[in-house]
Number of protein chains: 2
Amino acid sequence: MMTLEEQVLERIKPSPAEKEKLQEVASELLARVSTIARIKGIDGIIPKLVGSAARNTWISGTHDLDVFISFPESVSREELEENGLLIAREVARNGTNVEERYAEHPYLNMHYKGFDVDLVPCFAVESASEIKSAVDRTPFHNEFIKMSIPGREDDVLMMKQFMKGTGTYGSELRTQGFSGYLTELLIVHYGSFRNLIRNACTWKPGLVIDMLEHGTLRHEDPLVVIDPTDPKRNVAAALSLNRFAQFIDACRAYSDNPSEEFFFPKAKEPMSDDEIKDMLHSRGSSFVAVVFETPELVDDILYPQLDKMENSVRALLEDYEFQVLNSGYWANEQSIVVVELISSKLPSVKKHRGPPVWVTDHAKGFKTKYSNSNELFSMYIEDGVYVADIKRKFTTAKELLQERLQTCSLGKHLGKAVLESFTVLENNVILEIKDPDFRVFMRKWEQGK
Amino acid sequence: MMTLEEQVLERIKPSPAEKEKLQEVASELLARVSTIARIKGIDGIIPKLVGSAARNTWISGTHDLDVFISFPESVSREELEENGLLIAREVARNGTNVEERYAEHPYLNMHYKGFDVDLVPCFAVESASEIKSAVDRTPFHNEFIKMSIPGREDDVLMMKQFMKGTGTYGSELRTQGFSGYLTELLIVHYGSFRNLIRNACTWKPGLVIDMLEHGTLRHEDPLVVIDPTDPKRNVAAALSLNRFAQFIDACRAYSDNPSEEFFFPKAKEPMSDDEIKDMLHSRGSSFVAVVFETPELVDDILYPQLDKMENSVRALLEDYEFQVLNSGYWANEQSIVVVELISSKLPSVKKHRGPPVWVTDHAKGFKTKYSNSNELFSMYIEDGVYVADIKRKFTTAKELLQERLQTCSLGKHLGKAVLESFTVLENNVILEIKDPDFRVFMRKWEQGK
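Model, not experiment: these values are computed from the prediction.

### Regarding the packing of aromatic side chains
So, step 1. Applying the stated criterion across every chain yields a total of 44 aromatic pairs over all chains.
So, step 2. Aromatic pair A:Phe162 and A:Phe247: ring centres 6.2 Å apart, planes at 80°, arrangement edge-to-face. With A:Phe162 in helix H6 (residues 153-165) and A:Phe247 in helix H9 (residues 241-256), this residue pair connects regions lying 85 residues apart in the sequence.
So, step 3. A connected cluster of aromatic rings, assembled from ring pairs, spans A:Phe162, A:Phe178, A:Tyr190, A:Phe193, A:Trp203, A:Phe244, A:Phe247, A:Tyr254, A:Phe262, A:Phe263 and B:Trp358.
So, step 4. In this structure, A:Arg11 packs its charged tip against the face of A:Phe264, placed 3.7 Å from the ring centre.
So, step 5. Directly above the aromatic system of A:Phe377 lies the positively charged group of A:Lys391, at a separation of 5.8 Å from the ring centroid.

### Describing the UniProt feature "binding site: ATP" (unreviewed entry) in chain A
All names here are of chain A.
So, step 1. Summarizing the sequence annotation, UniProt attributes the feature "binding site: ATP" (unreviewed entry) to Ser52, Arg55, His141, Lys160 and Tyr169 in the numbering used throughout.
So, step 2. Note that His141 resides in helix H5 (residues 138-148).
So, step 3. Using a relative accessible area of 8% as the deciding quantity, one classes His141 as buried.
So, step 4. By the element assignment, Lys160 lies in helix H6.
So, step 5. For Lys160, a relative accessible area of 6% corresponds to the buried category.
So, step 6. Setting aside its immediate chain neighbours within four residues, Lys160 contacts Ser52, Thr57, Ile59, Tyr169, Gly180, Thr183 and Glu184.

### Details of the interface of chain B and chain A
Bring the parts together and some accessible area is lost; that lost area is often taken as the interface size.
So, step 1. Contacts between the two partners involve 51 residues from chain B and, on the opposite side, 51 residues from chain A.
So, step 2. Roughly 4100 Å² of surface becomes buried between chain B and chain A when both sides are summed, with 54% attributable to carbon and sulfur atoms.
So, step 3. Looking at the side of chain B facing chain A, the largest losses of area belong to B:Arg252, B:Arg283 and B:Trp358, adding up to 16% of the total buried there.
So, step 4. Where chain B meets chain A, there are four salt bridges.
So, step 5. With a closest N to O distance of 2.5 Å, A:Arg283 and B:Asp389 form a salt bridge.
So, step 6. Taken together, chain B and chain A are joined by 26 residue pairs in polar contact (both at pLDDT 80 or more).
So, step 7. Of all elements in the fold, only helix H9 (241-256), helix H10 (273-283), strand S10 (324-331), strand S12 (349-356), helix H12 (360-371), strand S13 (376-382) and strand S14 (385-391) of chain B reach the threshold of two or more residues within the side of chain B that touches chain A.
So, step 8. The element best represented in the side of chain B that touches chain A is H9(B), accounting for nine residues.
So, step 9. Here the side of chain B that touches chain A is built from residues that sort into 22 nonpolar, 14 polar and 15 charged.

### Describing the packing of helix H6 (residues 153-165) of chain B against helix H7 (residues 180-190) of chain B
Residues and elements named next belong to chain B.
So, step 1. H7 packs onto H6 with a crossing angle of 125° between their chain directions and a minimal axis gap of 10 Å. With respect to each other, H6 and H7 are oriented oblique. Crossing of H6 over H7 shows right-handed handedness. Packed against H6, whose contacting residues are Asp155, Val156, Met159, Lys160 and Met163, the element H7 presents Gly180, Thr183, Glu184 and Ile187 at the interface.
So, step 2. Here the residues of the contact of H6 with H7 are counted per class, giving four nonpolar, two polar and three charged.

### Looking at the domain arrangement of chain A
So, step 1. Its domain assignment divides chain A into domain 1 (1-133), domain 2 (149-266), domain 3 (273-345 + 395-446) and domain 4 (349-391).
So, step 2. On a C-alpha basis, the centroid separation for the pair domain 1 of chain A and domain 3 of chain A is 40 Å.

### Observations regarding the UniProt feature "domain: tRNA nucleotidyltransferase substrate binding" (unreviewed entry) in chain A
So, step 1. Using the residue numbers shown here, the UniProt feature "domain: tRNA nucleotidyltransferase substrate binding" (unreviewed entry) corresponds to residues 154-264 of chain A.
So, step 2. The span residues 154-264 of chain A shows a helical share of 42% and a strand share of 12%, and its end C-alpha atoms are spaced 17 Å apart.

About the thresholds
- Residues numbered from 1 in each chain as written.
- Chains lettered and ligands numbered in written order.
- Predicted model: local features only at pLDDT ≥ 70, side-chain atom pairs only at ≥ 80, totals over all residues.
- Heavy atoms only, no water.
- Phe/Tyr/Trp six-rings, centres within 6.5 Å; stacked < 30°, edge-to-face > 60°.
- Helix = DSSP H or I, 4+ residues; strand = E, 2+ residues; numbered from the N terminus.
- Lys NZ or Arg CZ within 6 Å of the ring centre and 35° of its normal.
- UniProt positions renumbered as here; feature names shortened; annotations may be inferred.
- Buried < 20%, exposed > 50% of the residue type's maximum accessible area, 1.4 Å probe, protein only.
- Contact = heavy atoms within 4.5 Å.
- Buried area = accessible area lost by both parts, 1.4 Å probe.
- Salt bridge = Lys/Arg side-chain N within 4 Å of Asp/Glu carboxyl O.
- Polar contact = N/O pair within 3.5 Å; in protein donor to acceptor, adjacent residues only side chain to side chain.
- Nonpolar A, V, L, I, M, F, W, Y, C, P; charged D, E, K, R; others polar.
- Axes fitted to C-alpha atoms, helices over the stretch in contact; angles between N-to-C directions.
- Parallel < 35°, antiparallel > 145°, perpendicular 65-115°, else oblique.
- Left-handed = near helix turned anticlockwise from the far one by under 90°.
- Domains from an automatic or database assignment.

Encoded structure:
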């Protein structure tokens, strides 16, 4: 009988045929880069396959190829961009869906023979600490892993799948989880899938892993893994505290009760109208949703702004004494920030504390301002301080959001989108949103059950 | 034309006839004490008239006589109590409503020819710092005021009336305001009614008045007035911060806009059913009232316990996440603690924060406890900490008070009363309480308007 881990591996390890196919396409692309460079008279360039494809740490079915076009350090930045793109565009003549993209430098992305291919110009610097651009680091990572990973590729595959299944894989700003390189380094450090799982059960924030004992800086991140190729860099800098905690939690749960579900969780069903109604009714709290058109943005810009907006919405509500229980956001064509409140209604009366009676000037100002106001219910002294019970400006969360959301700090692009138009839905009215993926998102309010 | 102060004085200053009557009755009582002591063969006692009657600082219509029966220091405590009461009882043979009362020592109270008379045995000690019992201090206060007040009696009268009118007069535990002696000392220190008013406008907590510059201790009270007859004692020790602040506020308001109303405020009308309904409706908050039979207690025991109970009720409600706006208590045959809440209802769901994920033992305990509980709505990680959204135990303030009030710390006598029986009234049901004095108390929620 196969063990659980063998069963998982069987599903995610590329077959010899799949590997051969990848090897073939990769070799073809590398050769084309060399040939074109020669034809165009561009000297000193070296094409390199990097990333998981080069390291044998890719999961069956993922068809990503990262082809780096490495230039000598003597070349200028402008020349690199110009000649790099010249070669890339020529290579891409046989590809489809070709797109010029920008990170620190421009690069090309294309579909080619069933693969998602990046063609990335970079500098061949002496060491990773002398890089001119973030991409220059990748070849060093590649070398380190190719040197240290042989024999543990399967452990990397299983760990990547475990992280995917538990929602902790991916270092982009939307996820803030573990990158591929970080996962590989953790396997190198702990030796195996099982040993990493076992050790992570007792991880604490502040953990530092410095395999070469060459780290030179103090990092404040929850997990610090010093880059073996660059002593100043924390490879885990993008990992959030919550993703870190979630991984520890998942490792513990898996240790206690291992199952395939950690690797291949069941897809969540969208919540039906009745399920949402039941959820609202049984919790007894109030839900408000801010809905607007999602502007055209890449995820690494959209999601941080949604995050900022969620925080601004919570802060606005709390400023006006609405008590927030939970919140979250979701985006597709529409973006939606959902907030759960103790109550979306507050009484008319609001307690407004003034200065102590003996701070004469302020006290007189406060008394004068409120005693003749028709906003006043009553004024009295409590603990030596004037208190005015006055009329509350906003007695419903909906009203408050409609009147004040546009004055909040919302991030450049979302601020603009909200300024154009947004709506606020309350409780059962949220059922108007039918998008199945949103209905899956709403399961957040039952997660862990 | 008479000034405002002259008008006030005319209403509160005893007429020559009223003074003569008081003098006559006082002399008669003092003579009777001497005669009886002689007849009984009790040597060395000196009868003394003390208090405002002796100092000419009593307000017309108040008919209190404090007759002290002073014994030599050589007499034993038992002898003083025995012979003191013997004389007092004999004097009281001509009185009505005679009652034996207890402070530190027993004393007699009676009605006699229209006066409320206390007959109090005490020791004639050498100085106020050598007293054997609190009452021994009174003759010293009497001497100091009789020496220093002549010419300023009218100022004392006006100040006492001002304090009565503004609710700051009286040092008993129910009021925690200014005592008669404290008022007299303040007039001695500031020289006049007007000058005290003017100075009090800029009083701050921490003010120390030490006329003889002989104070020896540090006091933490808001106002410190060192007793001219005892350097260790703060005469204003019973004054609460709120009463102190209220007096400053009243002095400022009077300075800005003097009127007879400060001395003789209009009696407050009981709130009608409609007025209470309107008040509840316009504030939009929730009111709960805890009602029970008032046990037979003197005010100095009842009111501190009501105070304690008010605080316990607030703390109980806040422990269970009900947000308290205001509260108060009232007592007659029934005692009632009234609390105003943001809402007397809370949603079913309650956010329960657990340990950080990395505190392994606690984390496991928390997860095990809640993940299999049918009290659980959802469990998740927030800021690295486990959070369980669980079912709230009490979703209404009424239910909570009914189930848990008897387990609160309520003071000996009220605890017993509440253990026997109490009811909780909510919002409009409070209208069932018809007592006019309670209906006046409810104006607290409009005071200062």
